[in-house]
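Commentary on secondary and tertiary structure
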Amino acid sequence: MNGGEYMLEIQGLQKKLDGFTLQDINITLPKGYIMGLIGENGAGKTTLLNLILGLYQPTEGEIVIDGMTYETQEKEIRNLLGYVLVDDVFSGEMKLIDQADMYGKYYDHYDRVLFLEYCKRFGLEEKKKYKKLSKGEKLKFRFAFALSHKPKLLILDEPTANFDPEFRDEFLKIITDFVADGEKSVLLATHMTEDLDRIADHVTFLHHGKVKFSVERRELENR
């Protein structure tokens, strides 16, 4: 299904957690665009990402991804999503290629050859055990896997903080290339605003569980 011009539409979203409420979130992310999600620790960025990924259920409101909702087309949505989160689900004892193959079974478009190409590009040994990787290498692996099942929406939670400067440049180039066909989008939560200065089309600022603004970056620069 083609969801029109928007990859992500969020309307009236609310989530109540212990001692925290994400409230009245309204965001649209067009196809072919990169949105930076910023805000202080505890602002609700990770909660919002978990809602978009279907890991949390909204208290109120609606999330539409490429014209679809979790209520009716959960499997189709999950095939569209690639993500790198702060939480790590991968096993330390398994080799990288074995993990990719195991989790790749859950995606219709997982491409083993593509995964191996990214491993080579990122300087990863596919037969190395996950637990032997550095923090930055683990993120590279998770990024390689996210790309290997050909998502349409990439969701990234603070990925660049643990990358060396050289790879950060490559990471930002990959993301820019990812959206170049105008059919895919990226939502990047980060506190590294210099990254957003280089690649973001839109910036959304969360503060105490509310959207303070969600605007094109050019408009933000003009303020």
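Residues numbered from 1 in each chain as written. Predicted model: local features only at pLDDT ≥ 70, side-chain atom pairs only at ≥ 80, totals over all residues. Heavy atoms only, no water.

1. Focus: the packing of aromatic side chains
Each aromatic ring pair is described using two quantities: the centre-to-centre distance and the angle formed by the ring planes. A full pass over the atoms with the stated rule returns 15 aromatic pairs. With a centroid separation of 4.8 Å and an interplanar angle of 55°, the aromatic rings of Phe-143 and Phe-171 are classed as tilted. Within this pair, whereas Phe-143 is found in helix 5 (residues 135-148), its partner Phe-171 is found in helix 6 (residues 165-178), the two being separated by 28 residues in sequence. For Phe-171, a relative accessible area of 0% puts it in the buried group. (Phe/Tyr/Trp six-rings, centres within 6.5 Å; stacked < 30°, edge-to-face > 60°. Helix = DSSP H or I, 4+ residues; strand = E, 2+ residues; numbered from the N terminus. Buried < 20%, exposed > 50% of the residue type's maximum accessible area, 1.4 Å probe, protein only.)

2. Quick look at the environment of Asp-164
Secondary-structure assignment places Asp-164 in the loop between strand 6 (153-157) and helix 6. With 37 residues separating them in the primary sequence, Asp-164 and Asp-201 have C-alpha atoms 24 Å apart. A distance of 2.8 Å separates the side chain of Asp-164 from the backbone nitrogen of Phe-167, its partner in a polar contact. (Polar contact = N/O pair within 3.5 Å; in protein donor to acceptor, adjacent residues only side chain to side chain.)

3. A look at the nonpolar core
Among the nonpolar cores identified, the biggest contains 42 residues, and Phe-115, Phe-122, Phe-143, Leu-156 and Val-186 are the most heavily contacted of them. A total of seven residues in this core trace back to one element, the largest contributor, which is helix 5. Dropping the residues within four chain positions of it, Leu-156 is found in contact with Leu-49, Val-84, Phe-143, Phe-171, Ile-175, Val-186, Leu-187, Leu-188 and Ala-189. Among the nonpolar cores identified, the runner-up in size contains 30 residues, and Leu-8, Leu-51, Tyr-70 and Leu-80 belong to it. (Core = buried A, V, L, I, M, F, W, Y, C linked by side-chain atoms within 4.5 Å. Contact = heavy atoms within 4.5 Å.)

4. Section: the pattern of salt bridges
Inspection of every chain in the model, using the stated rule, returns 16 salt bridges. One salt bridge connects Lys-150 with Asp-111, and the closest N-O pair in it is separated by 3.4 Å. One end of the pair, Lys-150, is in the loop between helix 5 and strand 6; the other, Asp-111, is in the loop between helix 3 (96-104) and helix 4 (112-121), with 39 residues separating them in the sequence. We classify Lys-150 as partly exposed; its relative accessible area is 44%. Owing to a relative accessible area of 22%, Asp-111 belongs among the partly exposed residues under this scheme. Salt bridges sharing common partners tie together Lys-31, Asp-66 and Lys-152. (Salt bridge = Lys/Arg side-chain N within 4 Å of Asp/Glu carboxyl O.)

5. As for the sheet that holds strand 1 (residues 6-17)
Strands sit in the order 2-1-4 across an open sheet of three strands; the sheet is antiparallel. Both outer strands of the open sheet, strand 2 (20-30) and strand 4 (60-65), are each paired with one neighbouring strand and no more. Recorded for the sheet is a direction-independent mean angle of 15° between the axes of neighbouring strands. Contacts between helix 1 (residues 45-52) and the sheet are confined to strand 1, strand 2 and strand 4, with strand 1 contributing the most and set at about 120° to the helix. (Pairing = 2+ DSSP bridges. Axes fitted to C-alpha atoms, helices over the stretch in contact; angles between N-to-C directions.)

6. A closer look at the pairing of strand 2
In the sheet, strand 1 pairs with strand 2 via eight bridges, with the strands oriented antiparallel. Within strand 2, the position partnered with Ile-10 by the bridge is Ile-27. In sequence, strand 1 turns back onto strand 2 through a hairpin of two residues, with Gly-19 there showing a positive phi of about 75°.

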